Amino acid sequence: MLGTILDCLFFANFKLKVIEKNEFHILHISSAKSWRGGERQISFLATELKKINVRQTIFCANKSEIANWCFANNIDFITYDKIFSLNPLVAFEIKKICKKYPVTHIHTHDSHAHTFAVLAISLFKINIPLIVHRRVDFPIKNNFLSIWKYNHPAVKSIICVSDFIKKLIEPAIKNKQLIKTIYSGIDLSVKPIGTTDLRKEFNIPDDNLIIINLSAIAPHKDYFTFVNTAEILLKKGLKVTFLLIGGDGGEATDIAEFIEKKKIKDNLIMTGHRTDVQDILAQADLMLFTSKTEGLGGATLDALLAGVPVVSTKVGGVQEIIEHEKTGLLAPIGNAKMLAEQVERMINDNQLRQACIENGIIKTRLFSKEQNAEKILSIYYSIHQNG
């Protein structure tokens, strides 16, 4: 308890320093054009920094979703034409931004952004500390560019969104003290707005359960296993409607054809990208999360917060959220048979389901966007103090 109070006092004192001295200007760099987990985290962080008057600029790809978000939310941003990942013109733009403001910290939020920043620092002799965010759950590539940019002297902190990723990248990092785990954040205050009626919209029978996955239709989400699991459950006579909720991440056509081949399209619906996620979660009976790689698995946090029980593959950082038989149920990656068994357990065992729901809601308190921002602020401040 004392430690928690001291932490709160530290962060409160730190925030006052930032407001009074206005000593930081953070340059966030993003290269993604779509809106997925990483972009959501940038939006949360930028919003929290704005609340305490930390100066910041988001340098992002032209016609990207994060640029649209910045415009809508009055966040300073500058766009660039990415073209390719080693584009020196992008590095030159970074140099001009750093000179204009001036920037005190560069925070990169994906691999290409990291490359652009290191190019700028190296080509134009920019003496600004670099913070690297790592969200993907595969080892750092064993090539010159990857090893060079992760061990560049300008890199002062590497933020991993899970301990799983931290352990995965440690072998490639010379100064392992730079690596910190800071979990991604969620908005604990969100509530359903009540404008969506899933059963009416998709003609779902009143006695059917609604099982969802809330992810882009991308290869690493392994929707083929999701479809196979659904097929097993439907063949057993389970009254379920499955909803795949997410935009096309490169595999939507293949998954649609696979559903057609399985002849279960009446019970397995692809909704496309949705903005009414909280309404959807409020009406879901279960989340079936089938990823084969996952840095953290933020969608499972959204489900837990909404009181939706989760059955997931035992993958990456998800295991730091979903504790088997405590906050959810886990099964091996790609194993549709065992996933189906765990879904049946969650549906049929009322005591287990209720325990997972209650424990899951408690678990989400460790992942607030406010805590995420405070921990990142502490890294900015530590780097600033230590030069």
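What comes next is a walk through the structure. For every chain, the first residue of the written sequence is number 1, and numbering continues from 1 along that sequence. Per-residue local features are limited, in this predicted model, to residues with pLDDT of at least 70; the limit for side-chain atom pairs, both in listing and counting, is 80 or more; totals at the level of whole chains, interfaces and linings are taken over all residues. The basis for the side-chain values is all heavy atoms of the structure; hydrogens and waters are excluded.

1. Some thoughts on the overall build of the chain
Here is step 1: A count of helices and strands for the chain gives 15 helices and 13 strands.
Here is step 2: Radius of gyration (C-alpha) of the chain: 22 Å, near the 21 Å computed for a compact globule of 387 residues.
Here is step 3: By principal-axis analysis of the C-alpha atoms, the chain measures approximately 65 × 50 × 40 Å.
Here is step 4: Using a 1.4 Å probe on the protein chains alone, a residue whose accessible area is under 20% of its type maximum counts as buried, one over 50% counts as exposed, and one in between counts as partly exposed. Taken across its 387 residues, the chain has 52% of its residues classed as buried.
Here is step 5: Sequence separation of 24 or more characterises 68% of the internal contacts of the chain that already satisfy a separation of 6 or more.
Here is step 6: The charged-residue count follows a simple rule in which Lys and Arg add positive charge and Asp and Glu add negative charge, with His and chain termini not counted at all. Charge positions come from single atoms, namely NZ of Lys, CZ of Arg, CG of Asp or CD of Glu. Counting 48 positive and 40 negative side-chain charges, the chain places the averaged centre of each group 8 Å from the other. For helices the rule is a DSSP run of H or I covering at least 4 residues; for strands it is a run of E covering at least 2, with both sets numbered from the N terminus onward. As a reference, a globule follows 2.2 Å times the number of residues to the power 0.38, and the radius of gyration itself is taken over C-alpha atoms. We call two residues contacting when some pair of their heavy atoms lies within 4.5 Å.

2. Details of the pairing of strand β1 (residues 25-29)
Here is step 1: Most of β1 is tucked away: five of the five residues are buried.
Here is step 2: Neither face of β1 is exposed, since H25, L27 and I29 on one face and I26 and H28 on the opposite face are all buried.
Here is step 3: Only strands joined by at least two bridges in the DSSP assignment are considered to pair. Summarising the sheet, β1 and strand β2 (residues 55-61) pair through five bridges and their orientation is parallel. For I26, the partnering residue across the bridge sits in β2 and is Q56.
Here is step 4: Where β1 meets strand β4 (residues 105-108), four bridges bridge the pair, whose relative direction is parallel. Following the sheet pairing, H28 is matched in β4 by H107.

3. With respect to the pattern of salt bridges
Opposite charge on two side chains permits pairing when their charged atoms draw close.
Here is step 1: Every case where a carboxyl oxygen of Asp or Glu lies within 4 Å of a side-chain nitrogen of Lys or Arg is listed as a salt bridge. Following the criterion strictly, the structure yields 17 salt bridges and no others.
Here is step 2: Here E344 and K236 are joined by a salt bridge, their closest N and O atoms 2.8 Å apart. Taken together, the positions of E344 in helix α13 (residues 336-348) and K236 in the loop between α9 (223-235) and β9 (240-245) put the pair 108 residues apart, joining distant regions of the chain.
Here is step 3: Note that K363 and E323 form a salt bridge whose closest N and O atoms lie 3.0 Å from each other. Of the two residues, K363 is situated in helix α14 (residues 350-364) and E323 in the loop between β12 (310-313) and β13 (329-331); the sequence distance between them amounts to 40 residues.
Here is step 4: Using a relative accessible area of 15% as the deciding quantity, one classes K363 as buried.
Here is step 5: Overall, the relative accessible area of 28% leaves E323 in the partly exposed class.

4. Let's talk about helix α5 (residues 111-123)
Here is step 1: The span expected for a helix works out to 1.5 Å for each residue beyond the first. Taking 1.5 Å of rise per residue, 13 residues should cover 18 Å, and α5 covers 18 Å from first to last C-alpha, within 8% of that figure.
Here is step 2: Along α5, the residues classified as buried are A113, H114, T115, F116, A117, V118, L119, A120 and I121.
Here is step 3: Counted as a polar contact is a pair of N or O atoms within 3.5 Å, where, for protein atoms, one must be capable of donating a hydrogen and the other of accepting one, and residues adjacent in sequence contribute only when both atoms are in side chains. By the N-cap criterion, in which a side-chain oxygen at the helix start approaches the backbone nitrogen of a residue two or three places on, α5 is capped by D110, the distance to H112 being 3.3 Å.
Here is step 4: Just beyond α5, the residue with positive phi is K125, at close to 55°.

5. A look at the sheet that holds strand β3 (residues 77-80)
Here is step 1: Taking strand neighbours across the sheet as the criterion, the seven strands line up as β3-β2-β1-β4-β5-β6-β7 in an open arrangement whose pairing is parallel. Whereas interior strands pair on both sides, the edge strands pair on one side only; in this sheet they are β3 and β7 (179-181). Sheet twist, expressed as the average angle between the axes of neighbouring strands with direction ignored, equals 20°.
Here is step 2: Where β2 meets β3, four bridges bridge the pair, whose relative direction is parallel. Residue F59 lies in a different strand from β3, and its bridge partner there is I78.
Here is step 3: Each of β1, β2 and β4 touches helix α2 (residues 37-51); the most contacted strand, β2, lies at about 160° to it. Here an angle of 0 to 180 degrees is reported between the N-to-C directions of two axes, which are lines fitted to C-alpha atoms, with helices fitted over the stretch in contact.

6. A word on the sheet that holds strand β8 (residues 209-214)
Within a beta sheet, neighbouring strands are joined by backbone hydrogen bonds and run either parallel or antiparallel to one another.
Here is step 1: Taken together, six strands build an open sheet; the order of strands is β10-β9-β8-β11-β12-β13 and the sheet is parallel. In this open sheet, the two strands that pair with only one neighbour each are β10 (268-272) and β13. Along the sheet, successive strands turn relative to each other by an average axial angle of 25°, direction set aside.
Here is step 2: Pairing of β8 with β9 involves six bridges; the strand directions are parallel. Bridging from a neighbouring strand, L209 pairs with V240 of β9.

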